[in-house]
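The lines below spell out each chain.
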Amino acid sequence: MLTLKDIAKEAGVSVMTVSNVINGKNSKVSKETIERVQKIIRDMHYTPNLNARSLAKHESKLIAVFVSSFISSENVFKDPYVSDLFGEIESAIHEKGYYTIIQTVEEPQNAINLLQNWQADGAIFLSNQSPENMKFLSEYCQCPLVFIDSTNSLLNDYLTIEIDDKKGGYLATKYLIENGHKKIGFAGFLDEKESVIKERYKGYIQAMEEAGYTKFVNHIQTATSYEEGIKVGKKIAKKKLDLTGLFATADLFALGLIEGAKQNGMNIPKNLSVVGFDNLSLCQFVSPRLTTVSQDIAHKGRAAVELLLKAIKKEEITSRRIICDVKLEEHQTVRKI
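Cut-offs applied
Residues numbered from 1 in each chain as written. Predicted model: local features only at pLDDT ≥ 70, side-chain atom pairs only at ≥ 80, totals over all residues. Heavy atoms only, no water. Salt bridge = Lys/Arg side-chain N within 4 Å of Asp/Glu carboxyl O. Helix = DSSP H or I, 4+ residues; strand = E, 2+ residues; numbered from the N terminus. Buried < 20%, exposed > 50% of the residue type's maximum accessible area, 1.4 Å probe, protein only. Pairing = 2+ DSSP bridges. Axes fitted to C-alpha atoms, helices over the stretch in contact; angles between N-to-C directions. Contact = heavy atoms within 4.5 Å. Parallel < 35°, antiparallel > 145°, perpendicular 65-115°, else oblique. Nonpolar A, V, L, I, M, F, W, Y, C, P; charged D, E, K, R; others polar. Phe/Tyr/Trp six-rings, centres within 6.5 Å; stacked < 30°, edge-to-face > 60°. Polar contact = N/O pair within 3.5 Å; in protein donor to acceptor, adjacent residues only side chain to side chain. Right-handed = clockwise from strand over helix to strand, strands pointing away.

J.: Which parts of the structure should I look at to understand the pattern of salt bridges?
T.: Pairing between side chains becomes possible if they bear opposite charge and their charged atoms approach one another. Per the stated rule, a full pass over the model turns up 14 salt bridges. A salt bridge links Asp-149 to Lys-300; its shortest N-O distance comes to 2.6 Å. In this pair, Asp-149 sits in the loop between strand 4 (145-148) and strand 5 (159-163) while Lys-300 sits in helix 12 (residues 297-312), placing the two residues 151 residues apart along the sequence. Taken as a pair, Asp-149 and Lys-300 share a single burial class, namely buried. With a shortest N-O distance of 3.8 Å, Glu-306 and Lys-310 are connected by a salt bridge. Taken together, the positions of Glu-306 and Lys-310, both in helix 12 and four residues apart, correspond to about one turn of that helix. Residue classification places Lys-310 among the partly exposed residues on the basis of a relative accessible area of 26%. In this structure, a network of salt bridges that share partners links the residues Glu-88, Glu-95 and Arg-302.

Listed below in structure tokens is the structure:
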């Protein structure tokens, strides 16, 4: 196996100089020496021994990314939100010289076991975790954790990246109201647990109450998949739901709903106005273009990585709870009545 000593001998420099070049510590190394060492490394196909480096520095350079298995039992990347967010996270991790492992998990204990086996430097949880799960994971994991889309209403000392979901629900509903709609539905899965969907529902209710439309409140309890969207779209087209506007808590669901309604003779937005949530990249390829609440997924993913690396490096963290803003993107799926 090729060693630093072999490279140093070939370059006519010390082993320490070679190590400094490989690790980017070039302040005391001349430009000519750096270029000579790097050329030898390329020519001799040298690959650093990550395990040895990990033992020496007590770090693995591995960041684990976990997705709860309820997102998808088959392929997590079928969910475009997960794909977009993970892509941003992986890019940011790579830019910082770390490596990414992604895994679906069923229970918090599964994540703890994997982190111990991998000796990861830190982990990011992409899907919603309950306060109980966040507490359990934080107590038993030996590395820093960042939680994305996990509502931390108790303001415990966790590292979280959230968006202003309540504001998003309010903006979507208010926009439909401003365009003359009263019979506005809310589509999303609600239970007793804290969740981003519940926060969006609070925003919906606030807008309806301000307009005096509480008698028109209509919650459609549904999963927010494309397939479920088609089913709800068909119900609306068959007049089983009396609505002129609908706030869909996920773009993927909204696109399915539009397709289901169109398959059964409805025109969007002539017969039904729809506002989605997320502003996924795939929406630009669909007609009519979906009006949606936009969250900056790129900023969200990179903020999570930046926060985690600060914790790993034990740097000062001024805010452990980061709440990203949202805005309404007006396009073609809302009609003024």
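On we go from here.
J.: Can you walk me through the sheet that holds strand 6 (residues 184-188) in this structure?
T.: Remark on secondary structure: sheet strands pair via backbone hydrogen bonds, oriented parallel or antiparallel. Ordered by their spatial adjacency, six strands build an open sheet running 7-6-8-9-10-12, and the pairing between neighbours is mixed. At either margin of the open sheet sits one strand with a lone partner, and together these are strand 7 (218-221) and strand 12 (326-329). Each adjacent strand pair in this sheet contributes to an overall mean axis angle of 20 degrees, direction not counted. The sheet contact formed by strand 10 (residues 291-295) and strand 12 spans four bridges and is antiparallel. Bridged to Val-293 within strand 12 is Leu-328.

J.: Is there a simple way to think about the environment of Lys-198 in this case?
T.: Relative to the assigned elements, Lys-198 resides in helix 9 (residues 196-210). Judged by its relative accessible area of 22%, Lys-198 is partly exposed. Separated by 51 residues in the primary sequence, Lys-198 and Thr-249 have C-alpha atoms spaced 10.0 Å apart. Apart from the residues lying within four places of it in its own chain, the contact partners of Lys-198 are Leu-190, Asp-191, Glu-192 and Lys-193.

J.: Is there a simple way to think about the packing of helix 2 (residues 15-22) against helix 3 (residues 31-43) in this case?
T.: Helix 3 packs onto helix 2 with a crossing angle of 85 degrees between their chain directions and a minimal axis gap of 10 Å. By the angle between their axes, helix 2 is roughly perpendicular relative to helix 3. In this structure, helix 2 contributes Thr-17, Val-18, Val-21 and Ile-22 to the contact, and helix 3 contributes Thr-33, Ile-34, Val-37, Gln-38 and Ile-41. Of the residues belonging to the contact of helix 2 with helix 3, the class tally is six nonpolar, three polar and no charged.

J.: Before we go on, may I ask you to explain the sheet that holds strand 2 (residues 99-105) in this structure?
T.: Pairing is parallel in the open sheet, where six strands are placed in the order 2-1-3-4-5-11. For this open sheet the edge positions go to strand 2 and strand 11 (321-324), each flanked by a neighbour on one side alone. Looking at each pair of strands side by side, their axes are set apart by 20 degrees on average, direction ignored. Across four bridges, the pairing between strand 1 (residues 62-68) and strand 3 (residues 122-125) is parallel.

J.: Even after reading the chapter, I still don't get the packing of aromatic side chains, so can you show me in this structure?
T.: Any two aromatic rings considered together are summarised by their centre-to-centre distance and by the angle between their planes. Under the counting rule described, the total for this entry stands at 11 aromatic pairs. With a centroid separation of 4.9 Å and an interplanar angle of 75 degrees, the aromatic rings of Phe-186 and Tyr-201 are classed as edge-to-face. Within this pair, whereas Phe-186 is found in strand 6, its partner Tyr-201 is found in helix 9, the two being separated by 15 residues in sequence. Geometrically, the ring pair formed by Phe-247 and Phe-277 is tilted, given 6.3 Å between the ring centres and 45 degrees between the ring planes. With Phe-247 in strand 8 (residues 245-248) and Phe-277 in strand 9 (residues 273-278), this pair connects stretches of sequence that are 30 residues apart. Three or more aromatic residues link up through ring pairs in this structure, and these residues are Phe-66, Trp-118, Phe-125, Phe-147 and Tyr-158.

J.: Even after reading the chapter, I still don't get the environment of Asp-6, so can you show me in this structure?
T.: Residue position: Asp-6 is located in helix 1 (residues 4-11). Note on Asp-6: relative accessible area 34%, which makes it partly exposed. When the C-alpha positions of Asp-6 and Met-44 are compared, they lie 9.8 Å apart, and in sequence the two are 38 residues distant. Here Thr-3 takes part through its backbone nitrogen, which lies 3.0 Å from a polar atom of the side chain of Asp-6.

J.: Could you clarify how one ought to interpret the pairing of strand 4 in this entry?
T.: A regular strand carries its side chains on alternate faces of the sheet. In strand 4, alternate side chains face the same way, and those of Leu-145 and Phe-147 on one face and Val-146 and Ile-148 on the other are all buried. Of the strand pairs in this sheet, strand 3 and strand 4 are connected by three bridges, and their pairing is parallel. Counterpart to Ile-124 in the pairing with strand 4 is Val-146. Between the parallel pair strand 3 and strand 4, the chain is carried across by helix 7 (residues 131-140), and the sense of this crossover is right-handed. Both strand 4 and strand 5 contribute to a ladder of three bridges, which runs parallel. Its bridge partner being in strand 5, Phe-147 is matched across the sheet by Thr-160.

J.: Explanation requested: the side chain of Ser-68 in the structure shown.
T.: Within the secondary structure, Ser-68 sits in strand 1. Assessed through its relative accessible area of 9%, Ser-68 is described here as buried. Among the polar contacts listed, one links the side chain of Ser-68 to the side chain of Gln-129, at a separation of 3.3 Å. Ser-68 has contacts with Val-105, Ser-127, Asn-128 and Gln-129, leaving out every residue within four places of it along the chain.

Geometric descriptors of this kind do not, in isolation, establish any biological role.
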